[in-house]
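So you can see what is in the structure, the chains are spelled out below.
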Amino acid sequence: MAEKTILVIDDDIDLVEIIRVTLENNGYRVIDAQTGERGLAMAKEQNPDLILLDVMMGKVDEGFQVAYQLRSDEVTADTPILMLTAVTDQTGFDFDPARDKDFLPVNEFLEKPVSPRDLVDMVRKHLPTNV
Amino acid sequence: MRHDLRNPIEPLDPGSSQFVSAASLRVRLDWFNKLRWGAAVGVLAVVLVAGVGLKAPIEVRGLLLTGVVLLLLNTVYVVRGWRFPAVDIAIEMRLVKVQMVCDLLLLTVLLHFSGGVENPLLFLYILHVIIASLLFKGREIFQIAWLAIFLFTAEVSGEYFGLLPHHHIPTASEVAHELPFTLMTLASFWLVILFSAYVGARIMSHNRAIKDELVARQSDLLDEDRAKTDFFRFVTHEIKSPVNTAQSGVETALDLIGESMVPSVRDVLERAVSRLKQATAIIRDLAELTRGGVLKEENLTVVDFNQLVTAAVDHQRETADRAGLKLNVVLPDPAVSLTTIRPMVETIVANLVNNAIRYNREGGRVSVRLVDTGKLVRLVVEDEGVGISAEEQTQVFDEFYRSAEAREKSDLGTGLGLAIVKKFVEELGGTIDLESDVGKGSTFIVVLPRKSRKNRRMKRSSGEIRP
């Protein structure tokens, strides 16, 4: 069986490369996009098995908007989305995954700085490797 | 060392051209009311004792009537003071003027019934002009001065020319119809009144200029303070991503090949991660410290304070156990609830408990007590740790300040924990106290209102009131 594909959408190219090393070493294929727009296009085209999405790229709520659009597209409606957040992000509201997951279209939140262990654990939870 | 944050220095009111605020003017008015009671009672007493008791030849009816009118008027002033709070400085100032005009009229009537130019009480006009020069500005002061001059001159001339009856008082010589004396008194009166008004106006206009200068400087300082906070927020935001990414990078390298590294190299990388974690903690704290404008009505929720404290303490119990500390919690029964911003209160409790654990002595005790005092709630966090010296107690709430004892005890603090606690307590309308002895421990006492509210200074610093 082919290895699972993970789409990383984040405008921090260095972080994307760090995540790529971790995930590839754990048997996943990684594709990436630096903008929300490009990420949406790639998700539609390549139908990844999981999406890692940065909460804030160009605009304050770009990550959330991308997440809503992914959920409303039938290709990616059921794809697990892990959202990367940073401690100081000024999103204009405090979200709490425990409280807010009912109305936020993502499966998990991962707080930056992401430790490789946590990242792999979280990805495995939603996407067991078939090795 | 007390940090009473409910009563910061009251900002000067740049919107008002007045020297005093409505509330502080009201305090002075109350004082004038007391003086007026004294004057009215004094007049009535003297008239009753001298005129009625000793049968002295004075105008009893007219004087009694004047005293009674003064009593009635003052009752109206006092009742108004009770019924209506002082809000608008313009209204209060108008009221002072009306009262002063009435007082001058009554003083003239009183003098008329008690000898006119013969009565040394004419000095009371000068007192009024001096008070006017302290309260009013330029032209208004001279309006009062000219009114005093007009009233007294009219009364004296009226008596001299026989237009008004003269009521001689037995203690003075009969001089009301002697031209040289009358002229000399009137001339001196004019001179003293106008000179008082002039001197008062000059001194007070200087004071007003100083006040305007202070208001302008205070406004500049507030702007600078806002700019500084904005700058901190910007820097925090900009520095966050590089630090996060660097930490993830080093952790990834350690995770992938840490096991096979030469121990000294791995140690170097582990040290790097630990310092990056410290930087992340500083960034998080700075973000908390520079976040503004969260205290809005829609953010307030009812919080079970007992449950919040229990959760915060449980969260750190493991750390306390590891350090061999006894963690003691005393909560009120029934549970106490707050209407407040939950995350801010959580941070206050967490930071204080964390400090109490981190800076404790081995095998020491941390005691957390919550006391319901009715309108307020008191949170007491006590440790048996390193303590804070008296000189440093004033500084531990400053940003990035870490006491000598704290630095010795732990390398990785951010120096922002207590600054955040202070800021949050302040924003929630509370106070924080610190009692500490070096070597014995520290006690932090936070008092929070049951319902958090915006205070005046907060509004100002968040830019909602602009000069």
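Before any of the text, the structure's been laid out above.
Within any chain, residue numbers begin from 1 and follow the written order of that chain's sequence. Just so you know, chain letters begin at A and ligand numbers begin at 1, following the order they were written in. In view of the model being predicted, local features appear only for residues whose pLDDT reaches at least 70, and side-chain atom pairs are presented and counted only at 80 or more, with totals across whole chains, interfaces and linings using the full set of residues.

### Thoughts on the overall build of chain B
Part 1 of the reasoning: We count a stretch as a helix when DSSP gives it H or I for four or more residues in a row; a strand needs E for two or more, and each element gets its number in order from the N terminus. A count of helices and strands for chain B gives 13 helices and eight strands.
Part 2 of the reasoning: Contacts spanning at least 24 positions in sequence make up 75% of the contacts within chain B whose residues lie at least 6 apart. Here, residues touch in the contact sense if the C-beta positions derived from the backbone fall within 7 Å of one another.

### A closer look at unusual backbone geometry
Part 1 of the reasoning: The amide bond that connects lysine 112 of chain A to the next residue, proline 113 of chain A, takes the cis arrangement and shows omega of -5°.
Part 2 of the reasoning: As for its placement among the helices and strands, proline 113 of chain A is situated in the loop between strand 5 (108-112) and helix 5 (116-126).
Part 3 of the reasoning: Geometrically, the link from aspartate 333 of chain B to proline 334 of chain B is a cis peptide bond, its omega value of 5° lying close to zero.
Part 4 of the reasoning: Of note, proline 334 of chain B is situated in the loop between strand 3 (326-330) and strand 4 (337-340).
Part 5 of the reasoning: At lysine 55 of chain B, a position not held by glycine, the phi torsion is positive, near 55°.
Part 6 of the reasoning: Mapped onto the elements of the fold, lysine 55 of chain B is located in the loop between helix 1 (22-53) and helix 2 (60-83).

### A short note on the interface of chain A and chain B
Part 1 of the reasoning: The interface of chain A with chain B comprises 17 residues on the first partner and 18 residues on the second.
Part 2 of the reasoning: Classification used: nonpolar for Ala, Val, Leu, Ile, Met, Phe, Trp, Tyr, Cys and Pro, charged for Asp, Glu, Lys and Arg, polar for all others including Gly. For the side of chain A that touches chain B, the class distribution of residues is eight nonpolar, four polar and five charged.

### Quick notes on the packing of helix 2 (residues 36-46) of chain A against helix 3 (residues 62-72) of chain A
All names here are of chain A.
Part 1 of the reasoning: Only the stretch in contact is used when a helix axis is fitted, and all axes are lines through C-alpha atoms; the angle between N-to-C directions ranges over 0 to 180 degrees. Close contact between helix 2 and helix 3 brings their axes to 10 Å; oriented N to C, the two are set at 20°. Taken together, the axes of helix 2 and helix 3 are roughly parallel relative to one another. You can see that helix 2 and helix 3 cross each other, and the crossing is right-handed. Only Glu62, Gln65, Val66, Gln69 and Leu70 of helix 3 make contact with helix 2, whose side of the interface consists of Gly36, Gly39, Leu40 and Ala43. Convention used here: angles under 35 degrees read as roughly parallel, angles over 145 as roughly antiparallel, angles from 65 to 115 as roughly perpendicular, and any remaining angle as oblique. We call a crossing left-handed when the near helix sits turned anticlockwise from the far one by less than a right angle, and right-handed when that turn is clockwise.

### Points about the sheet that holds strand 1 (residues 5-9) of chain A
All names here are of chain A.
Part 1 of the reasoning: Across the sheet, five strands lie side by side as 2-1-3-4-5; this open sheet has parallel pairing. The sheet terminates laterally at strand 2 (29-33) and strand 5, the two strands that pair on one side only. Taking each pair of neighbouring strands and ignoring which way they run, the sheet shows an average axis angle of 20°.
Part 2 of the reasoning: Along the sheet, helix 1 (residues 13-25) contacts strand 1, strand 2 and strand 3 (50-54); its crossing angle with strand 2, the most-contacted strand, is approximately 165°.
Part 3 of the reasoning: Set on the sheet, helix 5 makes contact with strand 1, strand 3, strand 4 (81-86) and strand 5; between it and strand 5 the angle comes to about 170°. A pair of strands is labelled paired if DSSP reports no fewer than 2 bridges between them.

### Description of the pairing of strand 4 of chain A
Within a regular strand, side chains alternate between the sheet's two faces.
All names here are of chain A.
Part 1 of the reasoning: Backbone-placed C-beta atoms define the burial measure: a residue is buried with 20 or more other C-beta atoms within 10 Å of its own, exposed with 12 or fewer, and partly exposed in between. Extensive coverage of strand 4 is indicated by the burial of six of its six residues.
Part 2 of the reasoning: Residues Ile81, Met83 and Thr85 point to one face of strand 4 and Leu82, Leu84 and Ala86 to the other, with burial holding for every one of them.
Part 3 of the reasoning: Where strand 4 meets strand 5, five bridges bridge the pair, whose relative direction is parallel. Looking across to strand 5, one finds that leucine 82 is bridged to glutamate 108.

### Remarks on the pairing of strand 5 (residues 365-372) of chain B
Residue and element names in this part refer to chain B.
Part 1 of the reasoning: Relative to strand 5, strand 3 runs parallel, the two sharing five bridges. Its bridge partner lying in strand 5, valine 330 is registered against arginine 369.
Part 2 of the reasoning: Where strand 5 and strand 6 (residues 376-383) come together, seven bridges link them in antiparallel fashion. Following the sheet pairing, arginine 369 is matched in strand 6 by valine 380.

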